[in-house]
Amino acid sequence: QVQLVESGGGLVQPGGSLRLSCVVSGSIFSINVMGWYRQAPGKERELVAAIHSGGTTTYADSVKGRFTISRGSAKNSVYLQMNSLKPEDTAVYYCNAVAGTWRTYWGQGTQVTVSS
């Protein structure tokens with residue numbers, strides 16, 4: 001049983017920062033890609049950021065320059081540093097991992113709310 005557990009969400013004021021964490025456990029031995037998606041009310045789930053096994057990163061245009069994705073040294077964790085948060089960043093954020101078998105796993109989601 002593979003599990004992805006997110007943490008770090010919460011309520012912050014515009015301009016504030018949050019750091020999301022995701023830890024993978026279970027019978028997964030190789031991860032090709034890890035990333036963060038988000039889904040706001042009334043919108044489709046969208047890719048926020050992804051980091052590949054070689055270290056390359058991809059960001060949505062809306063978060064470039066504000067968010068940074070990184071992998072833990074053990075390669076079973078991923079982080080999303082979110083700075084200069086805006087109300088439009090409010091969403092449920094989901095951790096995602098693509099295994100070496102190309103099977104995809106998802107976390108349960110963590111709520112991020114940006115409001116004054």
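Residues numbered from 1 in each chain as written. Predicted model: local features only at pLDDT ≥ 70, side-chain atom pairs only at ≥ 80, totals over all residues. Heavy atoms only, no water.

(A) Spotlight on the packing of aromatic side chains. Per the stated rule, a full pass over the model turns up one aromatic pair. Note on Tyr37 and Trp106: the rings are 5.0 Å apart at their centroids and 65° apart in plane angle, and the pair reads as edge-to-face. Of this pair, Tyr37 sits in strand β4 (residues 31-39) while Trp106 sits in strand β10 (residues 104-106); the two residues are 69 residues apart in sequence, bridging distant segments of the chain. The class for Trp106 is partly exposed, based on a relative accessible area of 37%. Of note, Arg45 hangs over the ring of Tyr94, and the distance from its end group to the ring centre comes to 3.7 Å. We note Arg45 situated over the ring of Trp106; from NZ or CZ to the ring centre the distance is 4.9 Å. (Phe/Tyr/Trp six-rings, centres within 6.5 Å; stacked < 30°, edge-to-face > 60°. Helix = DSSP H or I, 4+ residues; strand = E, 2+ residues; numbered from the N terminus. Buried < 20%, exposed > 50% of the residue type's maximum accessible area, 1.4 Å probe, protein only. Lys NZ or Arg CZ within 6 Å of the ring centre and 35° of its normal.)

(B) Representation of the environment of Pro41. Relative to the helices and strands, Pro41 is located in the loop between β4 and β5 (46-52). Sequence separation of Pro41 and Val92 is 51 residues, and the distance between their C-alpha atoms is 8.8 Å.

(C) Highlighting the side chain of Asn32. By secondary structure assignment, the location of Asn32 is in strand β4. A relative accessible area of 18% means that Asn32 is categorised as buried. At 3.2 Å, the side chain of Asn32 and the backbone oxygen of Ala99 are in polar contact. Beyond its immediate stretch of four places on either side in the chain, Asn32 contacts Ile51, His52, Ser53, Val98, Ala99, Gly100 and Trp102. (Polar contact = N/O pair within 3.5 Å; in protein donor to acceptor, adjacent residues only side chain to side chain. Contact = heavy atoms within 4.5 Å.)

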